[in-house]
Amino acid sequence: MPHTETPGTEAAPQTRLRWWTELPLIVLVYACYSAGRLLVRGDVSDAVDHGLALLDIEKALFLNAEHPLNRLFTNEPWIGIPADFWYASLHYVVTPAILIWIFRSRAVRYRAARTWLMTSTFIGLIGFTLMPTCPPRLLDASHGFVDTMAQYSSYGWWGGAASAPRGMGGMTNQYAAMPSLHVGWALWCGVMLWRHGGTRLTKVVAVVYPLGTTLVVMGTANHYFLDAVAGAAVMGVGLLLTPFVLRTAERARTLLAARFAPGKTPSTSASTSGSDSAGSTIVSGGCQNSAGERFPRQREQRFGPGAEPDPAPSDAGDETPAPAR
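Remember, predicted model here, so these are calculated numbers, not experimental data. (Residues numbered from 1 in each chain as written. Predicted model: local features only at pLDDT ≥ 70, side-chain atom pairs only at ≥ 80, totals over all residues. Heavy atoms only, no water.)

A.B. asks: Help me out: how do you make sense of the pattern of salt bridges in this one?
C.D. replies: By the definition in use, this model includes one salt bridge. One salt bridge in this structure joins Arg 137 and Asp 147, with 3.5 Å as the shortest N-O distance. Of this pair, Arg 137 sits in the loop between α5 (107–130) and α6 (148–151) while Asp 147 sits in the loop between α5 and α6; the two residues are 10 residues apart in sequence, bridging distant segments of the chain. Residue Arg 137 shares its accessibility class with Asp 147, and that shared class is buried. (Salt bridge = Lys/Arg side-chain N within 4 Å of Asp/Glu carboxyl O. Helix = DSSP H or I, 4+ residues; strand = E, 2+ residues; numbered from the N terminus. Buried < 20%, exposed > 50% of the residue type's maximum accessible area, 1.4 Å probe, protein only.)

Next comes the structure, spelled out in structure tokens:
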């Protein structure tokens, strides 16, 4: 029975995925992303202006949910402390865990999922470059925000520089707030769990995790609501660009393979030149033509098994008409 591909399924990748090639690739991309964040810190005054502009837009649109959430997290340690752990850890644990899970159990879909995540991450880096933004926790205290990460730092490994470990605040860009990739990556995780989880529990987690992350980034005063919206938008753009990136990568891989592939040796070419192939008729050694096709002035040979073919004339001009009777 001929194989029919189920609609909506993705074709298997042409090259088999290996963890020892995927892991260095992911590490390299993340290293470039982290280095890029450090190199595009931007001007502090511009970052503050951008943060205040976002806050003004939210107030005008009645979207300012950061203040009530931040007061809740500040006044209620039983909410604020777990939220700080959520912000400082799940972003770096859940995303790689789901990536590994897809690699191991959904290998057919892994390449597209990984490419979507990486493409969106680099788009986020462009946002950090073009619009450095001061998060609410770094605004002047007169704006009414409290840095819960600093308030509850004695409970965790972080200090006063977001989720960076104590003493390593200089290794992070605290003005890389627009867009929020905490929200963007959480949305990616939610989509992966919803599509490939298969159980009711995974679908619940797929909804709770990105929504919970959105509340956490605002309640800890690390992001504005518009940062979260921008994070979701970045993931949407990355999803649209993923097919193009996959085609480009496959085309580049094919060109490199053709460029560096070893050429055929003369002996190999000679041995294969006279061999027959399916659907073709051999005329003479080294020359082939397709079935049913004849060269100009070629005589069609018809003879049964065991019969000898008629000798071909040496030249068309040597043929003489048969004598008339």
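Alright, that's what it looks like, and here's the rest.
A.B. asks: I would appreciate a short explanation of the environment of Tyr 152 in the present structure.
C.D. replies: In this fold, Tyr 152 is placed in the loop between α6 and α7 (181–196). Considered as a pair, Tyr 152 and Pro 77 are 75 residues apart in the sequence and their alpha carbons are 8.1 Å apart. In contact with Tyr 152, other than residues within four places in its own chain, are Phe 73, Thr 74, Glu 76, Pro 77, Gly 80, Ile 81, Asp 84 and Trp 158. Of note is the side chain of Tyr 152, whose polar atom sits 3.0 Å from the backbone oxygen of Thr 74. (Contact = heavy atoms within 4.5 Å. Polar contact = N/O pair within 3.5 Å; in protein donor to acceptor, adjacent residues only side chain to side chain.)

A.B. asks: In this structure, what is going on with unusual backbone geometry? I would like to understand it.
C.D. replies: Most peptide bonds are trans, and most residues other than glycine sit at a negative phi. Look at the link from Met 178 to Pro 179: it is a cis peptide, with omega at 5°. Mapped onto the fold, Pro 179 is located in the loop between α6 and α7. One non-glycine residue, Phe 62, lies in the positive phi region at around 60°. For Phe 62, the position within the fold is in the loop between α2 (44–60) and α3 (66–75). The phi torsion at Ala 221 lies on the positive side, around 65°, for a residue other than glycine. On the secondary structure map, Ala 221 appears in the loop between α8 (200–219) and α9 (225–260).

A.B. asks: Where do I start with a nonpolar patch on the surface in this structure?
C.D. replies: Together, Ile 57, Leu 61 and Leu 63 line one region of the surface with nonpolar side chains, adding up to about 250 Å² of accessible area. Judged by relative accessible area, which is 52%, Leu 61 ranks as exposed. (Patch = residues over 30% accessible without salt bridge, like charges linked within 9 Å, V, L, I, M, F, W, Y side chains within 5 Å. Areas by Shrake-Rupley, 256 points an atom, 1.4 Å probe, with all protein chains shown as cover.)

A.B. asks: I would appreciate a short explanation of the packing of helix α4 (residues 77–105) against α5 in the present structure.
C.D. replies: Helices that pack against each other are described as a pair by the angle of their axes relative to one another and the distance between those axes. As a packed pair, α4 and α5 sit with axes 6 Å apart at the nearest point and diverge in direction by 150°. In terms of their interaxial angle, α4 and α5 are classed as roughly antiparallel. Helix-helix and strand crossings are classified by hand; for α4 and α5 the assignment is left-handed. Packed against α4, whose contacting residues are Thr 95, Leu 99, Ile 102, Phe 103 and Ser 105, the element α5 presents Ala 107, Arg 109, Tyr 110, Ala 113, Arg 114 and Leu 117 at the interface. Looking at the contact of α4 with α5 residue by residue, the class counts come to seven nonpolar, two polar and two charged. (Axes fitted to C-alpha atoms, helices over the stretch in contact; angles between N-to-C directions. Parallel < 35°, antiparallel > 145°, perpendicular 65-115°, else oblique. Left-handed = near helix turned anticlockwise from the far one by under 90°. Nonpolar A, V, L, I, M, F, W, Y, C, P; charged D, E, K, R; others polar.)

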